[in-house]
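What follows is each chain in one-letter form.
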Amino acid sequence: MIGRLSGKLVEKHPPQLLIDVGGVGYEVDVSMQTFYALPSTGEPVTLYTQLIVREDAHLLFGFGSTAERATFRQLLKVGGIGAKTALGILSAMSADELAQAVAAEDVKKLSSAPGIGKKTAERMVLELRGKLVAADVPALALPEAAADSSEDIVSTLLALGYNEREARAAAKGIPSDTEVGEGVRLALKNLLK
């Protein structure tokens, strides 16, 4: 089991990273919540990880906190939710927001995450009730704004499982000089409305 990686961040292509750990490059999929808090390429990074072994692949998922990883593990226990869907949920909302939505039995908010329908959202409420605890988490530091980030925002939403129409509608109205991470965050809020 690979529980944590510490190394140099080589590449960032949402939702995948390449981390050099002692000369070995690890491909790691991360939630957008974790992606927002990443340093620049070439900088040191530490991620808590979850290795998923399938017949056809070994998949490594990374998280900026142990709380986010614990939430991911709980999501995997819910019937109908696989690793990619769980990562999409944690990209659409933070672990705290998810815990609050489950506690409030907010099926509408839960079903707004990519790949989650009403029945799966109801199952999440039933199976996760009392297992997720919301905690106060400090705000994530975001990198500087990019020049025109609208296409990057749309591309990221497409990678999260939204269709092109939804992605473009959610990104519409976001200023073009908004940093990609902040733009995706705003677009996801637009999708939750």
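Under the annotation held in an unreviewed UniProt entry, the chain carries the name Holliday junction branch migration complex subunit RuvA and is attributed to Neisseria shayeganii 871. Its UniProt record gives the chain a comment under Subcellular location (unreviewed entry), which states: "Cytoplasm". Looking at the chain in UniProt, the text filed under Sequence similarities (unreviewed entry) is "Belongs to the RuvA family."

Caption draft 1: Local environment of helix α9 (residues 180-192). Between the first and last C-alpha of α9 there are 18 Å, a value that for 13 residues agrees with the 18 Å anticipated at 1.5 Å per step. Looking at α9, one finds that the buried residues are Val-180, Gly-181, Gly-183, Val-184, Ala-187, Leu-188 and Leu-191. For α9, the angular spread of the buried residues around the axis is 160°, confining them to a single face. Along its buried surface, α9 packs onto α1 (32-36), α3 (83-92), α7 (150-159) and α8 (164-171). Two or three places before Glu-182, at the opening of α9, Glu-179 has a side-chain oxygen 2.9 Å from that residue's backbone nitrogen.

Caption draft 2: Representation of unusual backbone geometry. That bond from Pro-14 to Pro-15 is cis: its omega, 0°, falls within 30 degrees of zero. Following the sequence through the fold, Pro-15 ends up in the loop between β1 (4-13) and β2 (16-21). The residue Glu-105 is not glycine, and still its phi comes out positive at about 55°. Its place among the elements puts Glu-105 in the loop between α4 (95-103) and α5 (107-111).

Caption draft 3: Representation of the domain arrangement of the chain in the model. Split by domain assignment, the chain resolves into domain 1 (2-61), domain 2 (65-126) and domain 3 (147-190). The gap between the C-alpha centroids of domain 1 and domain 2 is 21 Å. Across the boundary between the two partners, domain 1 contributes 12 residues, which contact 15 residues of domain 2. A buried area of about 1100 Å², summed over both sides, lies between domain 1 and domain 2, and 61% of it is on carbon and sulfur atoms. Joining domain 1 to domain 2, the criterion identifies one salt bridge. Close ionic contact of Asp-29 with Lys-84 constitutes a salt bridge, the shortest N to O distance being 2.5 Å. Put simply, domain 1 and domain 2 have eight residue pairs in polar contact (both at pLDDT 80 or more) between them. Broken down by secondary-structure element, the contributors of at least two residues to the side of domain 1 that touches domain 2 are β3 (24-30), α1 and β4 (44-53). If one sorts the elements of the side of domain 1 that touches domain 2 by residue count, β4 sits on top with four residues. Across the side of domain 1 that touches domain 2, the residue classes tally to five nonpolar, six polar and one charged.

Rules used throughout
Residues numbered from 1 in each chain as written. Predicted model: local features only at pLDDT ≥ 70, side-chain atom pairs only at ≥ 80, totals over all residues. Heavy atoms only, no water. UniProt positions renumbered as here; feature names shortened; annotations may be inferred. Helix = DSSP H or I, 4+ residues; strand = E, 2+ residues; numbered from the N terminus. Expected span 1.5 Å × (residues − 1). Buried < 20%, exposed > 50% of the residue type's maximum accessible area, 1.4 Å probe, protein only. Arc of directions from axis to C-beta. Contact = heavy atoms within 4.5 Å. Polar contact = N/O pair within 3.5 Å; in protein donor to acceptor, adjacent residues only side chain to side chain. Domains from an automatic or database assignment. Buried area = accessible area lost by both parts, 1.4 Å probe. Salt bridge = Lys/Arg side-chain N within 4 Å of Asp/Glu carboxyl O. Nonpolar A, V, L, I, M, F, W, Y, C, P; charged D, E, K, R; others polar.

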